[in-house]
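So you can see what is in the structure, the chains are spelled out below.
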Amino acid sequence: MRCPFCGSFDDKVLESRTMANGESIRRRRECISCGKRFTSYERIEELPFMVVKRDGRRQPFEIEKIAKGIERALEKRPVSTDVKDSLVAEIEDQTYTQGKQKREISTSDLGELVLKKLYKIDKVAYIRFASVYKHFNNLEEFVKEVESISREENDA
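Residues numbered from 1 in each chain as written. Predicted model: local features only at pLDDT ≥ 70, side-chain atom pairs only at ≥ 80, totals over all residues. Heavy atoms only, no water.

The next thing to look at is the sheet that holds strand β3 (residues 37–43). Spatially, β1-β2-β3 is the arrangement adopted by the three strands of the open sheet, whose pairing is antiparallel. Strand pairing shows two members of the sheet lacking a second neighbour, β1 (11–19) and β3, which therefore form its edges. Taking the axes of each pair of neighbouring strands and ignoring which way they run, one obtains an average angle of 25 degrees across the sheet. In this structure, β1 lies alongside strand β2 (residues 24–31), joined through eight bridges in antiparallel fashion. From the neighbouring strand, Glu15 faces β2, where its bridge partner is Arg28. Strand contacts of helix α2 (residues 81–98): β1, β2 and β3, with the helix running at about 10 degrees to β3, the strand carrying the most contacts. (Pairing = 2+ DSSP bridges. Helix = DSSP H or I, 4+ residues; strand = E, 2+ residues; numbered from the N terminus. Axes fitted to C-alpha atoms, helices over the stretch in contact; angles between N-to-C directions. Contact = heavy atoms within 4.5 Å.)

As structure tokens, this is what we get:
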């Protein structure tokens, strides 16, 4: 496996975990050359898992898009890379499990799954992701969402 940091082909597997009911394997690797860690996934090539857009179009599920959205939401937040990687892996696993029968998931179900996970980790990241996902039309909708989080935290 080529290291995404230095390009070396020398690495060692630190941990392997079966995911999505045995349909994929997640491997944590460490580059021998530069010492950085990265994650690789191994899965059987099958019919593509699809995401059903709001307008009914279907496109292949790409975990990289979710990872980018989560990365943007968590930008400059006190959340470690390991927590981010774990979050993305959990979302991927739950996505495949949730849409197993039809081999598809709606963008609304996928967005809600991401929001639930972000809410538990970081409220600011939750608001950042929600502002894009929920398509707030005006400031009032944004403020209502922030106030609902404030109320929940005060009630807890």
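Now that the structure is up, let's keep going.
Here we come to the packing of aromatic side chains. As enumerated under the stated definition, the model contains four aromatic pairs in all. Plain terms: the ring middles of Phe49 and Tyr96 are 4.8 Å apart, the flat faces sit at 70 degrees to each other, and that makes the pair edge-to-face. Taken as a pair, Phe49 in the loop between β3 and β4 (50–52) and Tyr96 in helix α2 lie far apart in primary sequence, 47 residues in all. What makes Tyr96 buried here is its relative accessible area of 18%. On the basis of an interplanar angle of 80 degrees and a centroid distance of 5.1 Å, the ring pair of Tyr119 and Tyr126 is categorised as edge-to-face. (Phe/Tyr/Trp six-rings, centres within 6.5 Å; stacked < 30°, edge-to-face > 60°. Buried < 20%, exposed > 50% of the residue type's maximum accessible area, 1.4 Å probe, protein only.)

Our focus in this paragraph is the environment of Val13. Relative to the helices and strands, Val13 is located in strand β1. Assessed through its relative accessible area of 41%, Val13 is described here as partly exposed. Residues Val13 and Ile25 lie 12 residues apart in sequence; the distance between their C-alpha atoms is 12 Å. For Val13, the residues in contact, after removing those within four places along its chain, are Arg27, Arg28 and Arg29.

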